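An overview of the molecular structure
Given next are the chains, with one letter for each unit.
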Amino acid sequence: THERREKVSFWYVLMLDLEALLIAQKKERNSPPLDPEVLSVFVPPFISKEEIQTTNVNSSNFNKTKRRSFRKKKERPKIENEKNPNGEQKAPDTEDISVPKDIDLIGLPQLCFPGGLYVTSESKEDHIHFLVFTDVCGNRTYGVVAQYYQPMQDGYISSNGQAHRESVQTAKAFGCFVPFAICVISRYPYFNALKDCLSCLLVHLRPLKNLDVDDRIKEFAAKLSLIPSPPPGTLHLIFNMKPLQIVFPSREDPDSPIIDLDLHLPLLCFKPEQVLQIITCILTEQRIVFFSSDWALLTLIAECFMLYLHPIQWQHTFVPILSRQMLDFVMAPTSFLMGCHIDHFEEVSQEAEDLILINIDNGDITHSKSSVDEGVIPDVPSQAAETFIKSVESLQLHYDLELCHLSSNTDFIELQMRRRDWQQKLNTEVQQITLQLIVNIFREVKDHLNYEHRVFNSEEFLKTRAPGDQPFYKKVLETYIFHSFLKARLNRRMDAFARLELSTQSEEDRLNSMLDSPRRLTVEKMASKRFNPQYMISKRMVISMPNLQDIKPHDRLSSEIHLSRCLSSSLFTVKLSSKSISTFRIPEIHFPLMSQCVHTYYTDFINHLTRAINILQHNSALLARYFYLRGLIGLMQGKLLDALSDFQNLYKTDIRIFPTDLVRKMVENMPPFERSLADRKPELKRLISQVMEKQREVTKVDDHVKNFKLPKTHMQLDDFVKRIQESGIVKDIDTIHRLFDALTVGHQKQIDPETFKDFYNYWKETEAEAQEVNLPRTVLEHLDTNECVYKLSCSVKTNSGVGKIAMTQKRLFLLTEGRPGYVEITTFRNIEDVKSTTVAFLLLRIPTLRIKSVSKKEVFEANLKTECDLWHLMVKEMWAGKKMADDHKDPQYIQQALTNVLLMDAVVGALQSSKTIYAASKLSYFDKMKNEVPMMVPKTTSETLKHKINPSVGETFPHAVDVLLYTPGHLDAADRIEDARPKLWCALSEGKVIVFDASTWTIQQHCFKVGSSKLTCMVMVEQSQVWIGSQDAIIYIINTHSMSCNKQLNDHRSNVMDIIVENRNSVSSEAYSCSLDGTVIAWNISTLKVNRRFQLPCKNLISIKLHDNRLWCCTGSCIVIVTTNGSPRQEIKMEENLKDVCSCFLCFQLFPEEDQVWTSCSGSSDLYIWNATDLSRTPQKIHLQDCLEITCMIKVKNQIWIGSRGISQGKTRGKIYVIDAEKKTVEKELVGHTDTVKALCSAEDRYVLSGSGREEGKIAIWKVE
């Protein structure tokens, strides 16, 4: 706890031969520099143990565990003329010193004087530069160094406040100035803030007497040590250092870096093209050396480039400043990024090989001597580079231009703040441009990833790159940087890259993610590629979707809000609004530095924060930052319970900044008495339990990445499934099983490596050929923009002329030869019959395909010869798939049929045997289904069903749809276009949530997780909040703007079963939640505080409803009606009213307009309707025919929609019954799912959405009449 200092006889070294040295320095500029040494080290805490013990502050135990340091002894050099007063020689003395373990005191002085230490005959300007230290684990520590000069006066110079007199008449004559350096070391890169702090310190040091310098520096260090680092978010801390106001900025979010430097500096030093070259050098992990005459620029420029790559991180050696003694570091054989003074440029370029030499001063980028070509730096992909250059050229990089139209300001503080605001805005713009560059470069990597098996198919990715871009990608794909990037993608990390990539996804990409289509060029992309490289996608994707134009976003939704984005497939620009910044002023720190002063400072700090918290009740993001800071200060005061309470408040304000590791250390080091006090408070006891359990639950993340390789051994079925999924050909397990059967026809049930290789190569060759299909404009005009050509026949003779038959997902057409033309054969929807036959030609019988269309009298005939049988199979499969898609209103069926067709083609191409057609027929799934098990969709179902979507698309197996929630769209002035769209929220297994754009039924937000337990309920409590209840007893609060979970409610002790919202005057006022143990909690929606809590006398509480200021609570054995305060009023008991039913209540629905309560029981197919005004009456019973069990129900207009498991056509199916509540009759019986209906929700009473169990896992959209 004591501050330690090392007194080194610095001045003795200077005085050995000062006269000769000064003369030599005047004559020879290259005279050897002096060796700088450490004078003093100041390490917190700055108050002694005795002072701490005299103050009622019990934080010493915690501080001891946090303190990490080592002790070092350094012997003072022996000086011949240093003697005791009695003339005897002094013995060398030593003194302990305590410094952070990551800092090397031997190397630090060299970095503080990287150009060498020289005594000068005249004073020089103060100089500041920046350091970065990296430990063996890659963790960085930052240093800011201020150099200043002191004269040698009155025959002595000062060191550590000790005056040492010598005869220095020569020094006086020459006017000697001695350089000193002060280095502040921090865990955080506060470059500008610490530069301002040191600038203030230098102002204070100038007028001081030599004996006071050390005390002032110690006071300065103590002030800095008492300033907390701001939590992630938009709250910056301001501290008055006099004469400047020091701002400590926060990082944007927990995964973002702190940015406290001018990000536009490289754009002032280099042209945009050169910036791209440097970024390429970093991405390809070159050996890079920056040069400059300004030491400060070396670190700042290097750090800027590190930030340009975010969230990609440089993984290698990073030493932005090399002192003259460290120049041999550039001989290292591995990748590195270093910085040297421009004076060493020639020496480094001649001595070291294969270096990228970057001159910051003149903007040159060159190579050192090398056997490699000078063209070693490949070009950034052209479209991404073009967008970057245009964006950079549009920036306003010069502050003086910003000031031209403004009046002069005489307030220095305001001038400083104005400049800082301008810089912050510019930094945001530069961040957006560089992040956009990284996303443009790597956007399509995800298309070649297999998440389940963690495989990246680099070979296929390279094939899809433009020829001019391939040199860049070939180099980058081999780097460790890219390997780490792949790990993050495979872990589905929602970092800055993922957020921007998702928010700028084109409608076509959204559609493809829904349908899991094989990769082919759409007609629109084909036209773009052929005729206009800059053609922008702006049309809606054409797909069979319900017409939901009557579901419109509320409020001010202008006609300009459409669902298209004007984006090309690989080139986009984006402008993001910068977030408003709040500031908090840190209280003054009073000196002298005593324990009582520090205690007063902490008390003032907490009082300031408490006042801010009391005033600010409705801005949860800002409240979270205040709670975080108050928790930190409370911890430093030793008020551990108060600190825990503040950190616990983060669950309800912003859980993303919860300091899990810090709280865990607090708990582990908490004295037994305080731990017992914490355990007496339920909320703190639960917090401690959660934090400690989370530590035990931590498992090693699987972060390996495999590159796809063809198998070298025989494969059984399971291994074959894995290999096919890794290859990216198909993911569906049932389809892969059929493919296995096809490839093993006539053989043992295993596949040899050669067969797999032939099949894989044929598939990829076909895919590549399809990418090269280039249809003429006259043909493109007849096709829809989202159509793709999946198969082309050889040139054949037909009754419509000679040409090639082309197959898209929608139609067949003939691409005529000679002058290319288009002849429509038929759409799959209009096919009436398909036959494979033969026609006589001389003595031969030529295989011929005949296709009869509903819309044409003439039968189309094509002499396909050897291709005839394959085309017959393919056309029948597409015909059957299209019929299934139309009947079931599910476009995924046609995509599955396409996949089956392409697999047939690859099987025939790979096997080349007499049984190939029989083998390919194993993949005719829909055609066999149509012929063997005709599945007639009932007329009522077909008329009511509008569309089906699959939230498990792209997964290897379907997931059950547990909960559905529809939220209408809104648009406020500050909202994004995405917020204007209605959304469908779908809860799947293990805490997964998928969000759909409910106007196009495309995925808006891919799976994000809230916990890992089953989700039980979802409700929109406010426009910006969706609450999700879980079986882990937590209510997760989703921010609908950021689509992230940043709050939790942890007050329940059992499974959260239901959440309802009370609306007063169309405004949400209170929310009620219930849990399985019978607990009901009333929440204040704006503050998230518990208004009331009560316990029902019975357990197994599964759902609640609110009507007429009464809560209707459904448990297994009864339905209890209570007031909103929990006072019981009425009760429906199962054993009294339904004696013949040996089960429990499963679900219920209120129908207040008819004074009815509709209930169902587990295992029962009967509905019971109660009189809400007289519950003693015997309920009316409605029996549902062919129903096995009622699972859910909702009220829509004057109807009750019942979800169930039932019987249809002799098989178990998911059924929906639509009942007229007034007539109490079944109006419709809908069969739209192959598994139990698990969830129902209404879309503004115009549509009903139903979700099914895990056998099917799909969502059906039904029209309400």
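Residues numbered from 1 in each chain as written. Predicted model: local features only at pLDDT ≥ 70, side-chain atom pairs only at ≥ 80, totals over all residues. Heavy atoms only, no water.

**Some thoughts on the overall build of the protein chain**
Regarding its fold elements, the protein chain presents 38 helices and 53 strands. The buried share among the 1265 residues of the protein chain stands at 55%. The long-range fraction of contacts in the protein chain, counting pairs at least 24 apart against all pairs at least 6 apart in sequence, stands at 60%. A total accessible area of about 56600 Å² is found for the protein chain, and carbon and sulfur atoms account for 48% of it. (Helix = DSSP H or I, 4+ residues; strand = E, 2+ residues; numbered from the N terminus. Buried < 20%, exposed > 50% of the residue type's maximum accessible area, 1.4 Å probe, protein only. Contact = heavy atoms within 4.5 Å. Areas by Shrake-Rupley, 256 points an atom, 1.4 Å probe, with all protein chains shown as cover.)

**Some details on the environment of Lys-1047**
When you line up the elements, Lys-1047 lands in strand β34 (residues 1044-1049). Looking at Lys-1047, the relative accessible area reads 7%, which means it is buried. C-alpha of Lys-1047 to C-alpha of Trp-1027: the two residues are 20 residues apart in sequence and 9.6 Å apart in space. Excluding anything up to four places from it in sequence, Lys-1047 contacts Ser-620, Tyr-651, Lys-652, Thr-653, Asp-654, Ile-655, Gln-1025, Ile-1035, Tyr-1036, Ile-1037 and Leu-1088. Separated by 2.6 Å, the side chains of Lys-1047 and Ser-620 make a polar contact. (Polar contact = N/O pair within 3.5 Å; in protein donor to acceptor, adjacent residues only side chain to side chain.)

**Looking at the sheet that holds strand β50 (residues 1225-1233)**
What the 4 strands build is an open sheet, ordered β47-β48-β49-β50; its pairing is antiparallel. Looking along the sheet, the strands with just one partner apiece sit at the ends: β47 (1187-1196) and β50. Each strand axis lies, on average, 25 degrees off the axis of its neighbour in the sheet, ignoring direction. (Pairing = 2+ DSSP bridges. Axes fitted to C-alpha atoms, helices over the stretch in contact; angles between N-to-C directions.)

**Digging into the pairing of strand β14 (residues 364-367)**
A one-sided burial pattern is seen for β14, the buried positions being Ile-365 and His-367 and the unburied ones Asp-364 and Thr-366. Across 4 bridges, the pairing between strand β13 (residues 356-359) and β14 is antiparallel. Across the sheet, residue Asn-359 finds its bridge partner in β14, namely Asp-364.

**Regarding the side chain of Ser-229**
Within the secondary structure, Ser-229 is located in the loop between α8 (213-225) and β8 (235-240). In terms of polar contacts, Ser-229 uses its side chain to reach the side chain of Tyr-190, at 2.9 Å. Residue contacts for Ser-229: discarding those within four places in its chain leaves Tyr-188, Tyr-190, Leu-237, Leu-629 and Leu-632.

**Description of helix α7 (residues 191-205)**
With 15 residues, α7 should cover 21 Å at 1.5 Å per step; its first-to-last C-alpha distance of 21 Å lies within 8% of that length. Those residues of α7 not exposed but buried are Phe-191, Ala-193, Leu-194, Asp-196, Cys-197, Leu-198, Cys-200, Leu-201, Leu-202 and Leu-205. (Expected span 1.5 Å × (residues − 1).)

**So, the pattern of salt bridges**
Overall, the coordinates contain 47 salt bridges when judged by the stated rule. Across the salt bridge formed by Glu-460 and Lys-463, the nearest N and O atoms sit 3.5 Å from each other. Taken together, the residues span about one helical turn, with Glu-460 and Lys-463 both in helix α16 (residues 458-463) at a distance of 3 residues. Residue Glu-460 is classed as buried on the basis of its relative accessible area of 5%. With its nearest N and O atoms 2.3 Å apart, the salt bridge here joins Glu-1229 to Lys-1215. Of this pair, Glu-1229 sits in strand β50 while Lys-1215 sits in strand β49 (residues 1211-1220), and the two are 14 residues apart along the sequence. The class for Glu-1229 is partly exposed, based on a relative accessible area of 31%. (Salt bridge = Lys/Arg side-chain N within 4 Å of Asp/Glu carboxyl O.)

**Looking at the environment of Ala-624**
Looking at where Ala-624 falls in the secondary structure, it is placed in helix α23 (residues 620-637). For Ala-624, a relative accessible area of 0% corresponds to the buried category. Spatially, the C-alpha atom of Ala-624 lies 8.7 Å from that of Phe-647, the residues being 23 residues apart in sequence. Setting aside anything within four residues of it in sequence, one finds Ala-624 in contact with Leu-650, Thr-653, Asp-654 and Ile-657.

**Some thoughts on the packing of aromatic side chains**
Under the criterion given, the structure shown has 31 aromatic pairs. Plain terms: the ring middles of Phe-584 and Tyr-626 are 5.7 Å apart, the flat faces sit at 55 degrees to each other, and that makes the pair tilted. In this pair, Phe-584 sits in strand β17 (residues 582-585) while Tyr-626 sits in helix α23, placing the two residues 42 residues apart along the sequence. A relative accessible area of 7% means that Phe-584 is categorised as buried. Arranged with centres 6.4 Å apart and planes meeting at 85 degrees, the rings of Trp-1027 and Trp-1083 form a pair that is edge-to-face. With Trp-1027 in strand β32 (residues 1025-1030) and Trp-1083 in strand β37 (residues 1079-1084), the pair connects residues that are 56 residues apart, well separated along the chain. Trp-1083 gets classed as buried once you look at its relative accessible area, which sits at 0%. In this structure an aromatic cluster arises from ring pairing among Phe-442, Phe-456, Phe-461, Phe-472, Tyr-473, Phe-482, Phe-485 and Phe-497. The ring of Tyr-399 carries the charged tip of Arg-419 above its face, separated from the ring centre by 5.1 Å. (Phe/Tyr/Trp six-rings, centres within 6.5 Å; stacked < 30°, edge-to-face > 60°. Lys NZ or Arg CZ within 6 Å of the ring centre and 35° of its normal.)

**Let's talk about the nonpolar core**
Ranked by internal contacts, the top residues of the largest apolar core, which has 187 residues, are Phe-248, Ile-282, Phe-290, Phe-305, Val-330 and Phe-442. No other element matches helix α11 (residues 295-308), which puts 12 residues into this core. Beyond its immediate chain neighbours, meaning those up to four positions away, Phe-442 contacts Leu-283, Ile-312, Val-476, Phe-482, Phe-485 and Phe-497. Residues Leu-739, Ala-885, Ala-897 and Leu-903 belong to the second largest nonpolar core, which totals 62 residues. (Core = buried A, V, L, I, M, F, W, Y, C linked by side-chain atoms within 4.5 Å.)

**Observations regarding the environment of Glu-273**
When you line up the elements, Glu-273 lands in helix α10 (residues 272-283). Spatially, the C-alpha atoms of Glu-273 and Asp-379 are 9.4 Å apart, while their sequence positions differ by 106 residues.

**Thoughts on the packing of helix α31 (residues 753-771) against helix α34 (residues 892-911)**
Running from N to C, α31 and α34 cross one another at 125 degrees; their axes reach a closest spacing of 8 Å. The angle between α31 and α34 falls in the class oblique. Crossing hand, α31 versus α34: right-handed. Residues Thr-755, Asp-758, Phe-759, Tyr-762, Trp-763 and Thr-766 of α31 form the contact with α34, whose own contacting residues are Leu-902, Leu-903, Asp-905, Ala-906, Val-907, Gly-909, Ala-910 and Leu-911. Split by residue class, the contact of α31 with α34 holds 9 nonpolar, 3 polar and 2 charged. (Parallel < 35°, antiparallel > 145°, perpendicular 65-115°, else oblique. Left-handed = near helix turned anticlockwise from the far one by under 90°. Nonpolar A, V, L, I, M, F, W, Y, C, P; charged D, E, K, R; others polar.)

**Some thoughts on the side chain of Gln-147**
Secondary-structure assignment places Gln-147 in strand β4 (residues 140-151). Residue Gln-147 is classed as buried on the basis of its relative accessible area of 11%. A polar contact is formed between the side chain of Gln-147 and the backbone oxygen of Cys-112, at a distance of 2.7 Å.

**Things to note about the sheet that holds β8**
What the 3 strands build is an open sheet, ordered β9-β8-β17; its pairing is mixed. Since the sheet does not close on itself, it has two edges, and those belong to β9 (245-248) and β17, each with one partner. Ignoring which end each strand starts from, the neighbouring axes of this sheet average 30 degrees apart. Strand direction decides the pairing type here: β8 and β9, joined by 4 bridges, are antiparallel.

**Some points on the packing of helix α29 (residues 717-727) against helix α30 (residues 733-743)**
Where α29 contacts α30, the axes come no closer than 10 Å and their chain directions differ by 115 degrees. Taken as axis vectors, α29 and α30 run roughly perpendicular relative to one another. Considering the relative orientation of α29 and α30, their crossing is right-handed. Touching Leu-717, Phe-720, Val-721, Ile-724 and Gln-725 of α29 are Ile-733, Ile-736, His-737, Leu-739, Phe-740 and Leu-743, all from α30.

**Focus on the pairing of strand β33 (residues 1035-1039)**
The buried fraction of β33 amounts to 4 of the 5 residues, a majority that puts the element mostly inside the structure. Counting the residues that bridge the hairpin from β32 to β33 gives 4 residues, and of these Ala-1033 lies at a positive phi of roughly 75 degrees. Here β33 folds back onto β34, and the loop between the two strands holds 4 residues, one of which, Met-1043, carries a positive phi near 55 degrees.

**Observations regarding the confidence of the model for the protein chain**
Counting all residues, the mean pLDDT for the protein chain is 82, and 82% of those residues have values of 70 or more. When the elements of the protein chain are averaged for pLDDT, helix α1 (residues 10-14) gives the smallest value, 29, and α11 the largest, 96. Note on residues 52-98: pLDDT under 50 across the span, and 91 contacts to partners over four residues away in sequence or across chains. Segment residues 158-173: pLDDT under 50, and 37 contacts once partners within four positions in sequence are set aside and those in other chains are kept. (pLDDT = per-residue confidence, 0-100.)

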